[in-house]
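# Coordinate analysis (summary)
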Amino acid sequence: KIIKALTESETRLAVAVNATEIGISEFEIATGKMLWTEQFAKILGIKNTLNTAAISLVYSYSDWAKRVHPDDLSRVETEIHRCIEEKKPYEIEYRVIWDDGSIRWLAGQGILFGAAYGQPERVLIIIQDITNLKQEEKKLLEEDQRKNLFLATLAHELRNPLAPLSNGLHLLEDSGLNHATIDKVHKMMTRQLNHLVRLVDDLMEVSRVTRGIVNLRKERIDLTEVLLNAIETSQPLIKNGKHQLETNISSQPLILEGDKIRL
């Protein structure tokens, strides 16, 4: 009856362990021997056919260590040694290299048990494959970086039309302006306002923000017009710096296909 109860208990444990896709191992400190469940072996990229979660596969510490990524091995071993010396559990994430060369991320935990005469005998090691979680984490990080770059670029661009708009408003306060000058200032302010609206549209389109994508609206344009608009945008800065800008722009049109606002 006792043997039957133990067998049934082990079976229930095997089903539970396989369902959670957790690998379990017992590391015997004195001998370096490790007893693995089949799931433990599978997580390390080793295929077995025993079809059981019971701790029955006999390996060594070196069998496990050689599958840990070389860049992570020292860090993991430090945690295991600290666990043994300080008698404290550990939790760590590290990579392993499968026999087919692929790299997987694992979440590992360890705890001491079975101490005799005050000295620990074994470390219970639990591992779980978290590769998919790491990939999603990397994807989210990349999206966040693209978003930050996009917003930084847009924030820089948003400042460009503000200076000429402010300068235009200041000019319009002069009651002595003739009609031609007022018309010129009005057209300039309309261009810059359209520029500003275009940038705000980009900012409000959340799907592009998260992907870090700047939408280009290409058309046939004259580069001369682009240069004149750029000078117009920079004029307040030139004036405030008391600089003198000299230009030599060809009278012949230079046609290209591009986004006038972005250029």
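Residues numbered from 1 in each chain as written. Predicted model: local features only at pLDDT ≥ 70, side-chain atom pairs only at ≥ 80, totals over all residues. Heavy atoms only, no water.

## Re the nonpolar core
Defined as follows: Put simply, buried Ala, Val, Leu, Ile, Met, Phe, Trp, Tyr and Cys residues joined by side-chain atoms within 4.5 Å make one nonpolar core. Each residue is placed in one exposure class: buried if its accessible area under a 1.4 Å probe, protein chains only, is under 20% of its type's maximum, exposed if it is over 50%, and partly exposed if it falls in between. The way it works is that DSSP assigns letters per residue, a run of H or I at least four long becomes a helix, a run of E at least two long becomes a strand, and they are numbered from the N terminus. The criterion used for residue contact is that any of the two residues' heavy atoms lie within 4.5 Å.
By size, the foremost hydrophobic cluster in this structure holds 26 residues, and its most contacted members are W36, W64 and Y94. Elements represented by at least two residues in this core include exactly β2 (33–36), α2 (38–43), α3 (61–65), α4 (70–86), β4 (90–97), β5 (103–113) and β6 (122–129). The residues contacting W64, other than those within four sequence positions of it, are M34, W36, F40, L44, L73, V76, I80 and Y94. Grouped together as the second largest cluster of nonpolar side chains are five residues, L165, M188, M189 and L196 included.

## Focus: the pattern of salt bridges
Under the convention used in this document: Salt bridge criterion: a side-chain nitrogen from Lys or Arg within 4 Å of a carboxyl oxygen from Asp or Glu.
Applying the stated criterion across every chain, the model contains 14 salt bridges. A salt bridge links D63 to K66; the shortest N-O distance between them is 3.9 Å. Salt-bridge contacts for D72 lead to R95; the nearest nitrogen and oxygen are separated by 2.9 Å. Residue D72 is found in helix α4, and its partner R95 is found in strand β4; the two are separated by 23 residues along the sequence. On the basis of relative accessibility, which here comes to 5%, the residue D72 falls in the buried class. A single network of salt bridges, built from pairs that share partners, joins D72, R75 and R95.

## Regarding helix α5 (residues 131–172)
Note the threshold: A helix is expected to span 1.5 Å multiplied by its residue count minus one.
Its 42 residues place the ends of α5 62 Å apart at the C-alpha level, agreeing with the 62 Å of an ideal helix rising 1.5 Å per residue. Along α5, the residues classified as buried are T131, K134, F150, L154, E157, P161, P164, L165 and G168.

## Description of the environment of Y94
With respect to the element layout, Y94 can be found in strand β4. Taking the C-alpha atoms as reference points, Y94 and G108, separated by 14 residues in sequence, lie 7.6 Å from one another. Residues within four places of Y94 in sequence aside, it is in contact with W64, V68, D72, R75, V76, R104, W105, L106, G108 and I127.

## Quick word on the packing of aromatic side chains
Rules: Two rings from Phe, Tyr or Trp (for Trp, the six-membered ring) form a pair when their centres are within 6.5 Å of each other. A pair whose planes differ by under 30 degrees is stacked, one over 60 is edge-to-face, and the rest are tilted. Whether a charge sits over a ring depends on NZ of Lys or CZ of Arg being within 6 Å of the ring centre and within 35 degrees of the ring normal.
Summed over all chains, the structure comprises five aromatic pairs. Residues F27 and Y61 carry aromatic rings whose centres are separated by 5.0 Å and whose planes lie at 35° to one another, so their mutual orientation is tilted. In this pair, F27 sits in strand β1 (residues 22–28) while Y61 sits in helix α3, placing the two residues 34 residues apart along the sequence. As far as the burial class goes, F27 and Y61 line up, both buried. Ring centres 5.3 Å apart and planes at 55° place the aromatic pair Y61 and W64 in the tilted group. Taken together, the positions of Y61 and W64, both in helix α3 and three residues apart, correspond to about one turn of that helix. For the pair formed by Y61 and W64, the shared burial category is buried. One Lys or Arg, R104, reaches over the ring of W98 and ends 5.1 Å from the middle of that ring. The aromatic ring of W105 is capped on one face by K134, whose charged end is 4.6 Å from the ring centroid.

## Section: the sheet that holds β6
Formally: Two strands are said to pair when DSSP picks up at least two bridges between them. Axis definition: a line fitted to C-alpha atoms, limited for helices to the stretch in contact. Angles are taken between N-to-C directions and run from 0 to 180 degrees.
Spatial ordering of the open sheet is given by β3-β2-β1-β6-β5-β4, a layout of six strands whose pairing is antiparallel. Each edge of the open sheet carries a strand with a single partner, namely β3 (57–60) and β4. Neighbouring strand axes in the sheet, compared pairwise and without regard to direction, differ in orientation by 30° on average. With eight bridges connecting them, β4 and β5 associate as antiparallel partners. Residue pairing across strands places E91 opposite Q109, the latter belonging to β5. Where α4 meets the sheet, it contacts β4, β5 and β6, and its direction lies at approximately 150° from that of β4.

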